[in-house]
Structures are given as structure tokens and as C-alpha cells.
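Residue-level structural notes
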2 protein chains.
Amino acid sequence: MRQSKYFLKTSKTVAKDDTSANARLLEQGGFIKKEMAGVYTFLPLGLRVLAKIENIIREEMDAIGGNEILMPALNSKENWTTTGRWDSMDILFKIKSEHGYEYALGPTHEETITPIALSVIQSYKDLPLAVYQLQTKFRDEARAKSGLLRGREFRMKDLYSFHASNEDLEKYYNEVADSYRTIFKRLGLDALYTYASGGTFSQFSHEFQVELESGEDTIYVNDKTSEAKNKEIFTEEDKASGVYRETMACEVGNIFNLGTKFSEAFGLTYTDQEGASKPVIMASYGIGPSRVMGVLVEKFHDDKGIIWPTAVAPFMVHLLALSGKDEAVAAAADKLYTDLTAAGVEVLYDDRADKMAGEKFADSDLIGIPFRVVISTKTLAEDSVELKPRNIVDASMVKINELINTLNNV
Amino acid sequence: MRQSKYFLKTSKTVAKDDTSANARLLEQGGFIKKEMAGVYTFLPLGLRVLAKIENIIREEMDAIGGNEILMPALNSKENWTTTGRWDSMDILFKIKSEHGYEYALGPTHEETITPIALSVIQSYKDLPLAVYQLQTKFRDEARAKSGLLRGREFRMKDLYSFHASNEDLEKYYNEVADSYRTIFKRLGLDALYTYASGGTFSQFSHEFQVELESGEDTIYVNDKTSEAKNKEIFTEEDKASGVYRETMACEVGNIFNLGTKFSEAFGLTYTDQEGASKPVIMASYGIGPSRVMGVLVEKFHDDKGIIWPTAVAPFMVHLLALSGKDEAVAAAADKLYTDLTAAGVEVLYDDRADKMAGEKFADSDLIGIPFRVVISTKTLAEDSVELKPRNIVDASMVKINELINTLNNV
């Protein structure tokens, strides 16, 4: 992508109330634009990152037999009244239409997926079933804050599973937990498997928590097991054990045994092998892709800007042409851009003729693409470019005709 | 995809009020589920079709220099008040939050994109600019009807372009019109370039209309030019000319010269080469992917079910194993499924052991995958399968080891 033609403008300023690192760097880097508190537009650079995060999640959900669907944001009042959450869930956005209808804007979709399951599950042969979506959710938060960490409109992957027995649920629950470990590893995040309170149907639910100074949650980490407990279930006894270390964290995923709460509300039953009618047992599993994007920036930045993990970086190479009036440099840069792109390398090519080297370097550090490649009169004299990983101080000279090979081997 | 493990159930019944062909066939075929009037869930089969439609549109938008972004559904009341449309647009869903905020749910995004442009456009050097999104939109329709043709929540591709001069806008406007012709052709639709009323800034706007008995619009087609006029601008003179044929149609795209309406409302100006401040000139361009999906079904079906055009079909081949108790057939079908998939052919594999041939054939016709491949004891005896295109009555026998080659050449 040629930067001169790309819808990308970095900025030195940022909305005054956005003090978190992710909001500041993502806005200054031209990844997102704040519309209102907790509501953001994803600009081209930001949408590329979001799409990469969501594709990693999608691949892993497909790998554990998830069926992808897309449920609507408009939810019927009737379904939310059936479960009692129309009145009890205080973050529910409610809409009264001009035509007499009332809707909720879905903050989660148990109230939609359970009636869908009702239309397809009749017998034990239809179980187990796992269905997920990547979709936009809404929460009427009292305080939206910390950029992408807590929004009023945000992206969510929500998976729902349906089972004939507790044993079968337990098995899949652990399979999803493993899948989540894989996902967060691929995303470049150390996420701690964290025990939380469980509700009626199981002793615990589980969260995936990333240690973060700016996180909202207090958790207690057992470094020997690499697991944690959240505040709700941390006891005096745990404290006295001396095993746990207190830290702040941000929740990036959760898994929850719903038992028969929703299937009983909607009458979702199945016929077992003996012909008896039994309630279906459910679990739900969430990951917030837009929040993950915020957490990645909180974790991976320095005073100059973002340092994207390779798997979710908007581009792999930031090619900076410092051509000034040297047309040979401009021509060599154009050719390198064409060659890299043809080799399947994702390149953002800073071909802007009216920008000085200093501004190009500063923008490159701010945007945080993993590899910076500089071509200038000086490097071209040696048939070379200067290659610098964003997370390393030193640059090295690489022959132009060896660059693709070098990039493939790092 | 193995049908035995796929989240897919066809149905003989359908919501009583869904009388249109697209609603009936898409619901019976397990593509969508109706949640409420005008609000649908896309089930796995339907989401595959929707994604293919959206990817074709995305490719063509990228090809004309469109920058993809993602704007939020929650729009600020302030922006909609600025343009006066908070009060004047009667289909606007309005939300009053518990925390004193008011929002609109975006039915279109001029009120969001213009302030975004304001933050990046300063000089003539920043123009032209083209930005688009594929996103979910909301309209508080008095009557949602005809399945996916008129929804309260629906998918939209909206492109916005920004220009320094009318000439530049005109040039891009025609480029987008050409791009739309390419898109509809790729989607398998004959869409008529249709003149409609233009508003303050140009004599005409343009619609892309697909002739459809069940369409809402009346248009007048000039078969010699393959263009049309809509009802608003069709005059007595036109009628007297004898050139036009009246027909019903459904609008699948539109393009509109917005002039300076929105840039003046938000103060979006640029500095020209002489240093003078001038208002930016804008145009907007829409295509509704979910409506396109409905139109495709309206156009391409028979009394047995849907007949998907190849480019948007959920799978390319529907492989039906009629194995009964013949394990050799089941094994050959498994192998064929593996081989086809390895060759990059998208296959839905009806491996269901408990379904009779008649039900499999009926489901296959209903779902409408372009090529049906049947393997049975009889065909296997000849090392063959029976191959039948969905839109052709006759089937032919093809040697199993020639199938991939045959499919590649149809």
C-alpha cells in the first residue's frame, strides 16, 4: 500500500479524556477515531489489525467444530422478558420504535441463540452443537473508559455450546479452554487461566486475564501453576497460603457453564436414547477482539509508539523511501515495493515526497509495523537497505537482492 | 463440509407471514432464521453466501481505490441534529440511554463520515478520497416485508467520495457506476442503470434496478439503451415517445451526488492551490448485500428450490452418498470428498446415514448448490458418479478419476 494514497494521517494530538496508552497511540497512529465515549471508528490501519485478530479467532473456532453464524443486534423484548433480563440487566440498551415495537440491542446473545437451537435440536442425535459469531455488541455502560478496553459498542466473538450431559459439556469446555490458550498465544498474549465464581450450575467460571497495570480487575496469580483466582473467589485461606501474588489484569476471554438456565426458560429439550425428554445443557464462551486490540497496545508499546506482534500487525514491512531529489532512490524503492508485494510480503510503502526523514521515522515508530526497511542514497550506493525490527534498537544493512530471503528467515 | 456435522436443517414449514420466494426458500433451506419482522439471523449456509457477495463487492471497491473502514452503529444525536435529519428522517431508530445520552442507530453514515473527513482533509493534496465500509444498518420501517428485500436490520456497503471539483466528482461517479456494473455482473444480476431525481446538486441520481415481479419500484426501461427511468422522473413526454416499457423492479444499488450539503453542515473545507478555502464536494454510493441475496433467490429459483449463481453459491458441489448398507460406496464417497476438498473444490458432503435418497435429492434441490454429484452402488459399479448441474434437467455419468477435471472445465 502506497502511503501517499492511503487513508492514513497520524496526529500529534488526541482527545483530552483519552489518557490510556491504547486510546492515545491508536488515535495518534491513525488506527481508530473516537466518535463518542466508548464508541470508535476503525480506520483502514485499525480495521486491518482487527480483521487479523478476528481471523485467528475464526480459524481456531472452526478447528473445534464451531459453526459460524451472524445474529442480529436487534433483539426482541419478548425473548429478554422470557429470561427476566429485560429488567435485571442494567447495561441493556432499549429501543422503542415509532411503530410500537420494543427491542434490546444485544450485549450477549443467549436470548437469541437458545430459540434458534430450539428450532434445530430435537433428539440426542442433534447434540453436541457449537455455534459462534463475530459480531458487534452494545452495552449501556455508566462509564466507558480506557479506549478499546471498555466500550459501549465493541466487537465480540461469542460461542455457545449445547450438550446432552454434564460430562459432554465438561469435555468441550476444556477443549475450548485449550483453544483459547492457542488463540492468545497466537495473538502474542500471555493470558492466565483464572478461576471466577460460577453461579448455580458449576462451582467456577473461568476468565482469561492478561496482567496489565491499567487493567480493571484484581487477580491473584499462582506463578507455579500459571493460573489465577479473581477477587470474587479469593479467600482469607488463599491469602494465608502465601502462594498468590496480587496484580492488576484485563479480562480478554471468559467461559461459563450456563447449565439449564436458558434451555429451561425457552423450553429447549431433547429426546434421549430411551425416549425421555431432557433439558439441553449449555455453555457460553466469549472473546472481545476489539478489547484484545487495546490490550495488545497496552502491553506492546514504548515511548515512541506501538510494537505490534507479527501475527496481528497491519503490515509486515514499513518501507521508507528517503529519496529527497534522488530519482534513483525513488525508482529503486518503487521496484522494491513491487518485488516485496509480488513475494507476498504485506508492505506499507512510505512514498510521500513531501515528508522529511525525521517525520517518516517518527510515524513508523508510532505505527509500529514489525520491520522497518529504509532505502536512501547512502544505502543504495551499497545496493542495500537498512533493516530494523521495531522492537530492537540496532539496524543492519542487507543487500536488496537478499531482503526477501532475510525477511523469510526472521 | 460433512452435512452430518453441519449446523443445517431444512424445513418444510416457514413463518406464515413470509410469502415472498426469498424468505420462504432461504428459511426452508436453512440459510436464515427469522427473528422478528425485518430481522434475520444468517445461519452457516446463509453466512457463506453473504460473505461471498460482500467479498466480491470489497474486491471491486478496493480496485477503484476505496479505503475500507468500519464505522459504529451508534451515532451521536449531535451529528444528526447538525444536518437536521434527527427530526426529518422518519425511519431513524433513536435510543435514550440510562445515562442521559441520546443516539441514533445509523441507517446511513454521512453524519459520521463527514466529521471523519474533517479530521484528515485540509488541502487539495488530500483530495480525492474514497472511503467505504461493509456494515450493519438499521431502519425503523413502518412495514418490513419481502424477506431480505426490506429489513429493519440489514447489511450495507456504503462508499463516500470527496472531491475538489465537480469535474473530479463526475469522473469518479462514472468510475463507480462502471464498478457497480462489474459487481452486479459478477453477482449474476442484470442491473439496469436507472435515472432518478437528483436533488439540489445534480439533475439526476442513479439507481441500479433489477427487474423483478415482486419488486417495490415501477421503472420504465428503454431496451435499446439498456437504461431506465424511475417513476419520479418519468414524464408524459417519455410515455408518448413509445420508447419505454413499464416493469416492476428492485433497487440493489444507488449513487448520489451530495454536492456540498454535508460538507457545509460540518464545515468540511479544503485549501485550494491558490490558498482559498472551498467546500469539499461529496458523493455517496450504496449496495445492500443482504438485499442482493434476497434478489438472487427471487430471480434464480424453480418450484423445487434455489439455483445459486456459481460466484455466490455456498458450496460448488453437493456430494450425495447413496450408500444404504453398501460400505464400499460410503468409503468411495469419503475418498471423493477428501480428494475434491484437497483440489480446492468447496463441497457440501451429504454423508447422512439415516436419510433416504428421496430426502437427499429434495434437500439438494432446495439448497441449490450448482453441481450435484451422486455416488451409489450403481454408479460405483462403473467407477463413476452422476453429475447434474442444478439448472439443467439431465444428469451425466462421469468417471470418478475425471470428475475434478470435468468440474474445472464447466
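Residues numbered from 1 in each chain as written. Chains lettered and ligands numbered in written order. Predicted model: local features only at pLDDT ≥ 70, side-chain atom pairs only at ≥ 80, totals over all residues. Heavy atoms only, no water.

Quick look at the overall build of chain A
Assigned secondary structure in chain A consists of 13 helices and 23 strands. Principal axes of the C-alpha set define a box for chain A whose edges measure 80 × 60 × 45 Å. For chain A, with 410 residues in total, the buried portion stands at 58%. Pairs at least 24 apart in sequence give 67% of the contacts found in chain A among residues at least 6 apart. (Helix = DSSP H or I, 4+ residues; strand = E, 2+ residues; numbered from the N terminus. Buried < 20%, exposed > 50% of the residue type's maximum accessible area, 1.4 Å probe, protein only. Contact = heavy atoms within 4.5 Å.)

Describing the relation of the copies chain A and chain B
Superposing chain A onto chain B requires a rotation of 180° together with a translation of 0.0 Å along the rotation axis, leaving an RMSD of 0.0 Å. Here the copies are linked by what is in effect a two-fold axis. Ranked by how close their C-alpha atoms come to the rotation axis, the residues of chain A are headed by Ile95 of chain A, at 2.8 Å. Residue by residue, 98% of the interface of chain A is reproduced at the interface of chain B, so both copies engage with the same surface. (Least-squares fit on C-alpha atoms with pLDDT ≥ 70 in both.)

Here we look at the packing of aromatic side chains
For the coordinates displayed, the defined rule picks out 30 aromatic pairs over all chains. The interplanar angle of 80° and the centroid separation of 6.0 Å between the aromatic rings of Tyr6 of chain A and Phe315 of chain A together place this pair among those described as edge-to-face. Here Tyr6 of chain A is found in the segment before helix 1 (21-28), whereas its partner Phe315 of chain A is found in the loop between strand 18 (305-306) and strand 19 (317-322), with 309 residues between them in sequence. For Tyr6 of chain A, a relative accessible area of 9% corresponds to the buried category. By way of ring pairs, the aromatic residues Tyr180, Phe184, Tyr193, Tyr195, Phe204 and Phe208 of chain A are connected into one cluster. The ring of Tyr193 of chain B carries the charged tip of Arg181 of chain B above its face, separated from the ring centre by 4.6 Å. (Phe/Tyr/Trp six-rings, centres within 6.5 Å; stacked < 30°, edge-to-face > 60°. Lys NZ or Arg CZ within 6 Å of the ring centre and 35° of its normal.)

Some thoughts on the confidence of the model for chain A
Taken residue by residue, chain A gives an average pLDDT of 96. The fraction at 70 or more is 99%. With a pTM of 0.97, the predicted complex shows an ipTM of 0.97. (pLDDT = per-residue confidence, 0-100.)

Looking at the sheet that holds strand 19 of chain A
Residue and element names in this part refer to chain A. The sheet built from 5 strands is open, its strands ordered 20-19-21-22-23 with mixed pairing. Pairing within the sheet leaves two strands with one partner each, and these edge strands are strand 20 (347-350) and strand 23 (396-399). Each strand of the sheet is rotated relative to its neighbour by a mean of 25°, with strand direction disregarded. Here strand 22 (residues 384-389) runs beside strand 23; their pairing, made up of 4 bridges, is antiparallel. (Pairing = 2+ DSSP bridges. Axes fitted to C-alpha atoms, helices over the stretch in contact; angles between N-to-C directions.)

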